[in-house]
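Notes for the structure review
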Amino acid sequence: MRRFLTAVVFFLLFWGSLDVFAQPLADSPSAILVEQTTGRVLYARNERERRYPAGLTNMLTALVAIEHLAPGDDLIVGSEIRGMPSGFGAGVHSEGEIISVQTLLNSLLVRSSGEAARVLAINTVRQAGGRRNIPYNEAEHAFAAMMNEKARGLGAQGSNFANPFGSHADNHFTTAYDLAVITRAFMDNPILAEIAGTREYETQHETWTNANQMLPRAPMGYAYMTGAMAGFTTPAGHVLAGAAYDTHLSLGFVTIVLGGTDAERWQDTRRLMDHGFNNFRFREIAREGEVLETVLIENPRLGDSEMLEIIATASYTALLSRFEYDELARVITFDPMLYERHEYEEPIVLRAPIEYGEAVGTVSYILNGEVLFESAILPSREVIPRTFDSDMDYYLAIFFENVFTRRALPYWFGIFGVAFGIFGIVLAVKAHSRVSRKAVRTSSRSKYGRY
């Protein structure tokens, strides 16, 4: 019975874990998660599907406007704000009002004012084209062309914008991927990023509250949220562009969710952001100067080490999950002209000579068959082959380096001792010879003296 209950519990836990892992990160019809600096796509759902952007259009409007208008410039609100469709911030501004570009950008991005979009659009066209009296209808077409040019220049190829504030039109569409590209550029602009992260903006007459409820201290605040925009139209559904950054990890993400319900856009954005921050890190996979391999040298110059360190020439950091980091493969390929055996055996043996500073091969970092990074590899020193001349140089160097050092004293004492012994033996032999000769002469005289 106990075994049966254990099996049931295990099955339920396993089934529950499958359900958790099978759960998509986003319920909205179209969604994407990208890293802010690299643009790497970490999650995507129908990211290339055409969708209506609603108020997210304002980010591109701001990007185009700020290229031609300085934040401190004062503009006069004109007749362009007449006939504003309902739901797009009508009545925020009045004709004849003198207002700075900075305030208009706050009205556009915090208040989501279509009137601000129109004022910025017509004045941008006037500034860029030099036509001071251009009517708004013509200016809107010209500004839309500028928007599309800007979008395509950023890499958003699947979009077409027809107006500056997101009013619904069949020819006003985008994709989650394109909006992620635009949002990254938008958040890279410090002026626009600061405005997009503003929770409330005070004017003389009212306070504008940002529609992005995931900003810190907002009702659905997310700790790392730094800005972007929220929007809605009936054809577009509830849309949200989010940007978040963790200073401790030096890591930021952009999310886009399109076409879902109001609840889904907040939940999806939170899940996507959590997925990014919980699973990905910038990891150093190559460091300039690090030792990648130690190889043997065939017949090195006498006195040199038979081991040679191979070092990296460049550093590289990649955004990877822990699983990806564990799966990353490093492949070192040596120049076949230097490879002694022509088969990659252990230990690797390279042939001298090898010049210092000259590449001996390459190192590649490969993930799932894709080369993430490749660079040259260098020897840590020069390698000179062994020859007769190099042997003579070595022995002479050893002699002259050691002949007059303290280490040579025992040898000198030994040499002097041997020499002194030989000298003593020679003296003894000579003395013995003299004695012998003298004895012979004495013996001879004694012998002949008898007669």
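Turning our attention to the sheet that holds strand S17 (residues 370–379). The strand order across the open sheet built from six strands is S14-S16-S17-S12-S11-S15, with neighbouring strands paired in mixed fashion. Pairing within the sheet leaves two strands with one partner each, and these edge strands are strand S14 (329–334) and strand S15 (349–351). Neighbouring strand axes in the sheet, compared pairwise and without regard to direction, differ in orientation by 35° on average. The pairing of S14 with strand S16 (residues 361–367) spans six bridges and is classified as antiparallel. Bridge pairing in S16 links Ile332 to Val363.

Our next topic: the environment of Pro135. Take Pro135: it is sitting in the loop between helix H4 (114–129) and helix H5 (136–154). Residue class for Pro135 comes out partly exposed when judged on its relative accessible area of 38%. C-alpha of Pro135 to C-alpha of Ile122: the two residues are 13 residues apart in sequence and 8.2 Å apart in space.

The next thing to look at is the pattern of salt bridges. Should their charged atoms come close, side chains of opposite charge can pair. Considering all chains together, one arrives at eleven salt bridges under this definition. Taking the shortest distance from any N to any O, the salt bridge between Glu49 and Arg51 comes out at 2.7 Å. Classification of Glu49 by relative accessible area gives partly exposed; the value is 32%. Judged by its relative accessible area of 22%, Arg51 is partly exposed. Of the charged contacts, one joins Glu95 and Arg82 as a salt bridge, the two residues approaching to 2.6 Å between their closest N and O atoms. Of this pair, Glu95 sits in the loop between strand S3 (74–76) and strand S4 (98–100) while Arg82 sits in the loop between S3 and S4, placing them 13 residues apart in sequence. With a relative accessible area of 42%, Glu95 lands in the partly exposed category. The class for Arg82 is exposed, based on a relative accessible area of 55%. Members of the salt-bridge network, linked through shared partners, are Asp27, Asp268 and Arg271.

As a further point, take the confidence of the model for the protein chain. Taken over all residues, the pLDDT of the protein chain has a mean of 88, while the share at 70 or more is 86%. Of the regions scoring below 50 in pLDDT, residues 4–22 engages in zero contacts with residues more than four places distant in sequence or in other chains.

What follows covers a nonpolar patch on the surface. Taken together, the side chains of Leu396, Phe399 and Phe400 make up a nonpolar region of the molecular surface, amounting to roughly 340 Å² of accessible area. Within the fold, Leu396 resides in helix H10 (residues 388–402). On the basis of relative accessible area, Leu396 is assigned to the partly exposed category, the value being 44%.

Our next topic: the pairing of strand S12 (residues 307–312). In terms of strand pairing, strand S11 (residues 291–298) meets S12 through five bridges, oriented antiparallel. Bridge pairing in S12 links Val291 to Ile311. Direction of pairing for S12 relative to S17: antiparallel, over a ladder of three bridges. Looking at the pairing, Ala312 lines up with Ile377 of S17.

This brings us to the sheet that holds strand S2 (residues 41–45). If you trace the five strands from one edge of the open sheet to the other, you get S2-S1-S9-S8-S7, paired in antiparallel fashion. Whereas interior strands pair on both sides, the edge strands pair on one side only; in this sheet they are S2 and strand S7 (225–233). With strand direction ignored, the average angle separating the axes of adjacent strands in the sheet is 5°. Sheet topology places S7 next to strand S8 (residues 237–246); eight bridges connect them, and they run antiparallel.

About the cut-offs
- Residues numbered from 1 in each chain as written.
- Predicted model: local features only at pLDDT ≥ 70, side-chain atom pairs only at ≥ 80, totals over all residues.
- Heavy atoms only, no water.
- Pairing = 2+ DSSP bridges.
- Helix = DSSP H or I, 4+ residues; strand = E, 2+ residues; numbered from the N terminus.
- Axes fitted to C-alpha atoms, helices over the stretch in contact; angles between N-to-C directions.
- Buried < 20%, exposed > 50% of the residue type's maximum accessible area, 1.4 Å probe, protein only.
- Salt bridge = Lys/Arg side-chain N within 4 Å of Asp/Glu carboxyl O.
- pLDDT = per-residue confidence, 0-100.
- Contact = heavy atoms within 4.5 Å.
- Patch = residues over 30% accessible without salt bridge, like charges linked within 9 Å, V, L, I, M, F, W, Y side chains within 5 Å.
- Areas by Shrake-Rupley, 256 points an atom, 1.4 Å probe, with all protein chains shown as cover.

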